[in-house]
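Below, each chain spelled out in residue letters.
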Amino acid sequence: MALPPEPLQELLPHATWVVEAEVVEVLSTGPDVPKISAPAGWTDTGQKVADQRVRLKVTRVLRGEDVPELVVNKPVAAYSLRAGNKGPFLLDGTRPHPVILGRYGPDSYALAKLEAALKG
């Protein structure tokens, strides 16, 4: 069974940027992550995919410096990004390439919930 995304109250203190954005380009992808062998009958093994560096076109900044685009790192996680993925991204303050926070990517949190959490 897949784990739910981390609670927003745990991630937001680590988010230097919270942006609505679209992936416009995958710049690089890291080496393949070893596959996990599952015993018979398992439905989920927690497979992970490689890290990526992507360019985001920022459409709205909810927290952080107002920027038109960011090049960010997606760590090894249960998802991969491709051009056209869009939604809210929570990013740490790593320079020059912030790291995407959370387990599952830009569709983990409804925008309305994120906006409400930011208002406190």
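Computed from a prediction, not measured in an experiment: that's the story for all the values here.

(A) Broad picture of the overall build of the protein chain. Scanning the protein chain from terminus to terminus reveals two helices and four strands. When the helices and strands of the protein chain are placed in sequence order, the string is α-β-β-β-β-α. Compactness check: the protein chain gives a C-alpha radius of gyration of 15 Å against a globular reference of 14 Å for 120 residues, within 12% of the reference. Based on the C-alpha atoms only, the size of the protein chain along its principal axes is roughly 50 × 30 × 25 Å. When each of the 120 residues of the protein chain is scored for burial, the buried share is 33%. Long-range pairs, those at least 24 residues apart, make up 71% of the contacts in the protein chain between residues at least 6 apart in sequence. Charge-centre separation for the protein chain: the mean point of 14 positive side chains lies 2 Å from the mean point of 14 negative side chains.

(B) The arrangement of the pairing of strand E4 (residues 86-91) in detail. Among the six residues in E4, five count as buried, and that is most of the element. In the sheet, strand E1 (residues 17-29) pairs with E4 via six bridges, with the strands oriented antiparallel. Residue Trp17 lies in a different strand from E4, and its bridge partner there is Leu91.

(C) Layout of the nonpolar core. Ranked by internal contacts, the top residues of the largest apolar core, which has 16 residues, are Leu56, Phe89 and Leu91. For this core, the secondary structure elements donating two or more residues are E1, strand E2 (52-63), strand E3 (69-74) and E4. A total of four residues in this core trace back to one element, the largest contributor, which is E1. Setting aside residues up to four positions removed in sequence, Leu91 forms contacts with His14, Ala15, Thr16, Trp17, Val19, Leu56, Leu70, Val72, Pro98, Val99, Ile100 and Leu101. If you look at the next biggest cluster of nonpolar residues, it comprises nine residues, including Leu8, Val18, Leu90 and Leu114.

(D) Representation of unusual backbone geometry within the structure. Cis geometry marks the peptide bond from Arg95 to Pro96, where omega comes out at 5°. Structurally, Pro96 is set in the loop between E4 and helix H2 (111-119).

(E) Expanded view of the pattern of salt bridges. All told, the structure shown has six salt bridges when counted by the stated rule. Of the charged contacts in the structure, one is a salt bridge between Arg103 and Glu6, with a shortest N-O distance of 3.9 Å. Residue Arg103 is located in the loop between E4 and H2, and its partner Glu6 is located in the segment before helix H1 (8-11); the two are separated by 97 residues in the primary sequence. Judged by relative accessible area, which is 28%, Arg103 ranks as partly exposed.

(F) Quick peek at the packing of aromatic side chains. All chains considered together, the criterion is met by zero aromatic pairs. Against the face of Tyr79 rests Lys74, its NZ or CZ located 5.2 Å from the ring centre.

(G) Broad picture of the side chain of Asp92. Its location among the elements puts Asp92 in the loop between E4 and H2. It turns out Asp92 is buried and unbridged, and the closest side chain with the opposite charge, Arg95, is 8.5 Å from it. Within the structure, Asp92 has its side chain in polar contact with the side chain of Thr94 (distance 2.9 Å). Of the polar contacts made by the side chain of Asp92, one reaches the backbone nitrogen of Val99; its length is 2.8 Å. Leaving out residues up to four positions away in the same chain, Asp92 has contacts with His14, Thr16, Trp17, Pro98, Val99 and Leu101.

About the criteria used
- All residue numbers refer to position in the chain's written sequence, counted from 1.
- Selection of residues for local features in this predicted model requires a pLDDT of at least 70, selection of side-chain atom pairs for listing and counting requires 80 or more, and totals for whole chains, interfaces and linings are taken over all residues.
- With hydrogens and water excluded, all non-hydrogen atoms of the structure serve as input to the side-chain values.
- The secondary structure listing takes helices from DSSP runs of H or I that are at least 4 residues long and strands from runs of E that are at least 2 residues long, numbered from the N terminus.
- Only the C-alpha atoms count toward the radius of gyration. The rule for a globule is 2.2 Å times the residue count to the power 0.38.
- Three exposure classes are used, based on accessible area relative to the maximum for each residue type with a 1.4 Å probe and protein chains only: buried under 20%, partly exposed in between, and exposed over 50%.
- Contacts are assigned to residue pairs that have any heavy atoms within 4.5 Å of one another.
- Charge assignment in this entry is limited to Lys and Arg as positive and Asp and Glu as negative, and neither His nor the chain termini are counted.
- To locate a charge, take atom NZ for lysine, CZ for arginine, CG for aspartate or CD for glutamate.
- Any two strands between which DSSP finds at least two bridges are classified as paired.
- We call a set of buried Ala, Val, Leu, Ile, Met, Phe, Trp, Tyr and Cys residues a nonpolar core when their side-chain atoms join them within 4.5 Å.
- Here a salt bridge means any side-chain nitrogen of Lys or Arg lying within 4 Å of a carboxyl oxygen belonging to Asp or Glu.
- Pairing of aromatic rings covers Phe, Tyr and Trp, the last through its six-membered ring, and needs centres within 6.5 Å; plane angles under 30 degrees mean stacked, over 60 mean edge-to-face, and all others mean tilted.
- Consider the ring centre and the ring normal. A charge sits over the ring if Lys NZ or Arg CZ is within 6 Å of that centre and within 35 degrees of that normal.
- Within 3.5 Å is the distance limit for a polar contact, defined as a pair of N or O atoms, with the added protein rule that one can donate a hydrogen and the other accept it, and that residues adjacent in sequence qualify only through two side-chain atoms.

Distances and angles like these do not, on their own, reveal function.
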